[in-house]
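# Chain and residue survey
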Amino acid sequence: MSTPGASAAQLRTEVLNAVLPWIPDAVCLLAPGNNLTASRNAEDAGADFKRLLTSVCNRWPKVFVLDSPPG
């Protein structure tokens, strides 16, 4: 799944409503792969990402996060 420009809250909604025909071998969550400016401040962005990561980890057994430094 990929939704360019989506906020963490929007990505969480997408994850929670996704219907997959099988359990994936692994799920990669890209960080900051979402629109951090959708949050009012860094604390809100962190809280939104935590909810997203928690939802992904509750949904699938093997999850990893990749982070890329600012370009």
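Structure: above.
The paragraphs below set out a description of the structure included in this document. Here the structure is a predicted model, which means the values were calculated and not measured.

Rules of the game
Residues numbered from 1 in each chain as written. Predicted model: local features only at pLDDT ≥ 70, side-chain atom pairs only at ≥ 80, totals over all residues. Heavy atoms only, no water. Helix = DSSP H or I, 4+ residues; strand = E, 2+ residues; numbered from the N terminus. Contact = heavy atoms within 4.5 Å. Axes fitted to C-alpha atoms, helices over the stretch in contact; angles between N-to-C directions. Parallel < 35°, antiparallel > 145°, perpendicular 65-115°, else oblique. Left-handed = near helix turned anticlockwise from the far one by under 90°. Nonpolar A, V, L, I, M, F, W, Y, C, P; charged D, E, K, R; others polar. Polar contact = N/O pair within 3.5 Å; in protein donor to acceptor, adjacent residues only side chain to side chain.

Moving on, we get to the environment of glutamate 14. Residue placement: glutamate 14 occurs in helix 1 (residues 8-17). Glutamate 14 has contacts with Met1, Ser2 and Thr3, leaving out every residue within four places of it along the chain.

To continue, consider the packing of helix 1 against helix 2 (residues 42-59). Interhelical geometry of helix 1 versus helix 2 gives an angle of 15° and a closest axis separation of 8 Å. If you check the angle between helix 1 and helix 2, you find them roughly parallel. Every pair of crossing elements has a handedness; the one defined by helix 1 and helix 2 is left-handed. Here Ala8, Leu11, Arg12, Val15 and Leu16 of helix 1 come into contact with helix 2, specifically with Asp48, Phe49, Arg51, Leu52, Ser55, Val56 and Arg59. Per-class residue counts for the contact of helix 1 with helix 2 are seven nonpolar, one polar and four charged.

Inspection of the secondary structure puts aspartate 48 in helix 2. There is a polar contact of 2.4 Å between the side chain of aspartate 48 and the side chain of arginine 51.

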